[in-house]
Amino acid sequence: MPTARVQFIHNSADAANEYVDVWIDNLLMYDDIKFREASPFNDAPAGTPFDITIAPRTSLGPSDGFWSKSFTLTEDETYVLIADGIVSPSGYDPATPFDVYVYDMGREAASTSGKTDVLVFHGSTDAPTVDVVEVKAGAGTIVDDASYGDFAGYLTVDPAEYSLQIRTADNMTTVAQFGADVSGLADNAITIVASGFLNPANNSNGPAFGLYVALPAGGELVPLPVFEAGMA
């Protein structure tokens, strides 16, 4: 059977989605995957349509799902799938609808030996369109005008320490700043997701905004440390 490689990342900050099940047709692919957790890359059927269904952790089958969509993957390609958005009918502003966002040029390892490849995803429902500016190594603007649901294609960087400012798209306001130490991740391809809420009080006192790293081996997402704005 032809296959593709798929990693699933749970980044829906809605409290109703703390844990979810992921079904591929009638197969339970991931059981009780929790918010800010990623699967490892796994094989998935390629070349023929199949349904991905997201369901509560108590689900007994895809008929219990609250979201479903048909996909057809290309053989031998690599995909990053990120679940995000809101399913609750109230308590969230904005109540951006739940969806699964697909990046179809994923990587399990760095494209250049000795480097680190970084994919960035804007997954914070109440965050504006932003730039990401690196201020420690002098890289400058590394992500430009990313809106919710956007992937910024892979950046290939040296495995080192960086400082990332999240700025509004007009470059006038620094929303937050984070350290990113990838010095131990040579030869890896990682995904950094913007996660949580800038204003938890408007979102059922949900998890606060942060940047989190999904590793190719999966597991709990790794939080990047928060810096004071202006720190290198």
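Note: the structure precedes this text.
It should be emphasised that the depicted structure is a prediction, and the values quoted were computed from it without experimental measurement. Starting from 1, residues in each chain are numbered consecutively following that chain's sequence as written. pLDDT decides what is reported in this predicted model: residues at 70 or higher carry local features, side-chain atom pairs at 80 or more are listed and counted, and totals for whole chains, interfaces and linings draw on all residues regardless. As a rule here, side-chain values come from all non-hydrogen atoms in the structure, and water together with hydrogens is ignored.

Here we come to the side chain of Asp 84. Secondary structure counts use DSSP, requiring at least four H or I residues in a row for a helix and at least two E residues in a row for a strand, with both numbered from the N terminus. Its location among the elements puts Asp 84 in strand β8 (residues 78-84). For every residue, the accessible area obtained with a 1.4 Å probe (protein chains only) is divided by the maximum for its type, and the residue is called buried under 20%, exposed over 50%, and partly exposed between those limits. Here the positive residues are Lys and Arg and the negative ones are Asp and Glu; neither His nor the chain ends is included. Salt bridges are defined by distance alone: a side-chain nitrogen of Lys or Arg within 4 Å of a carboxyl oxygen of Asp or Glu. Buried within the structure, Asp 84 lacks any salt-bridge partner; its nearest side chain of opposite charge belongs to Arg 36, at an N-O separation of 9.2 Å. Within the structure, the side chain of Asp 84 is placed 3.2 Å from the side chain of Tyr 148, a separation counted as a polar contact. Pairs of residues are marked as contacts when any of their non-hydrogen atoms sit within 4.5 Å. Every residue in contact with Asp 84, bar those within four places of it in the chain, is listed here: Asn 11, Ser 12, Pro 97, Phe 98, Asp 99, Tyr 101, Phe 121, Gly 123, Thr 125 and Tyr 148. Here a polar contact is taken to be a pair of N or O atoms separated by no more than 3.5 Å, where protein atoms must pair a possible hydrogen donor with a possible acceptor and residues adjacent in sequence count only if both atoms sit in side chains.

Bringing the nonpolar core into the picture now. In this structure, Leu 211 and Leu 224 are the most contacted members of the largest nonpolar core, which totals 23 residues. If you list the elements that add at least two residues to this core, you get β10 (116-122), β11 (130-134), β12 (140-146), β14 (161-168), β15 (174-181), β16 (189-195) and β17 (210-214). Among residues more than four places away in sequence, those in contact with Leu 211 are Leu 164, Ile 166, Phe 178, Ile 192, Val 193, Ala 194, Val 222, Pro 223 and Leu 224. Definition of nonpolar core: a set of buried residues of the types Ala, Val, Leu, Ile, Met, Phe, Trp, Tyr and Cys, connected through side-chain atoms within 4.5 Å. Listed in part, the 21 residues of the second largest apolar core include Ala 4, Phe 8, Tyr 30 and Ala 44.

Now for unusual backbone geometry. Looking along the chain, the bond that leaves Asp 93 and enters Pro 94 is cis, with omega of 0°. Relative to the helices and strands, Pro 94 is located in the loop between β8 and β9 (99-103). Of note in this structure, Asp 187 is not a glycine but carries a positive phi near 75°. On the secondary structure map, Asp 187 appears in the loop between β15 and β16. In this model, Ser 204 sits at a positive phi of 55°, which is unusual for a non-glycine residue. Turning to its location among the elements, Ser 204 is positioned in the loop between β16 and β17.

This part covers the packing of aromatic side chains. The criterion for an aromatic pair is that two Phe, Tyr or Trp rings (for Trp, the six-membered ring) have centres within 6.5 Å, with stacked assigned to planes under 30 degrees apart, edge-to-face to planes over 60 apart and tilted to the rest. All chains considered together, the criterion is met by 10 aromatic pairs. When the ring of Tyr 92 is compared with that of Phe 197, the centres are 5.8 Å apart and the planes differ by 40°; the resulting orientation is tilted. Of this pair, Tyr 92 sits in the loop between β8 and β9 while Phe 197 sits in the loop between β16 and β17, and the two are 105 residues apart along the sequence. Grouping residues by exposure puts Tyr 92 and Phe 197 together as buried. Consider the rings of Phe 121 and Phe 151, whose centres lie 4.7 Å apart with planes at 45°: the pair is tilted. Note that Phe 121 is positioned in strand β10 and Phe 151 in strand β13 (residues 151-157), a separation of 30 residues in sequence.

Right, let's get into the environment of Lys 69. Within the fold, Lys 69 resides in strand β7 (residues 67-71). Sequence separation between Lys 69 and Thr 53 is 16 residues; the distance between their C-alpha atoms is 6.7 Å. Those residues in contact with Lys 69, other than ones at most four positions away along the chain, are Phe 50, Asp 51 and Ile 52.

Looking now at the environment of Thr 112. Summarising the element assignment, Thr 112 is placed in the loop between β9 and β10. Counting along the chain gives 13 residues from Thr 112 to Asp 99, while the straight-line C-alpha distance between them is 32 Å.

Quick look at the sheet that holds strand β3 (residues 27-34) now. Sheets are built from strands that pair by backbone hydrogen bonding, the pairs being arranged parallel or antiparallel. Ordered in space as β3-β2-β6-β7, the 4 strands form an open sheet in which the pairing is antiparallel. What marks the edges here is a single partner per strand, and that holds for β3 and β7. Direction aside, the axes of adjacent strands within the sheet are offset by 20° on average. Here, any two strands with at least 2 DSSP bridges between them count as paired. Pairing between strand β2 (residues 19-24) and β3: 5 bridges, direction antiparallel. In the strand pairing of β3, Trp 23 is matched with Leu 28. A fitted line through C-alpha atoms represents every axis, and for helices the fit uses only the stretch in contact; the resulting angles, taken between N-to-C directions, go from 0 to 180 degrees.

Nothing here speaks to function; it is geometry throughout.
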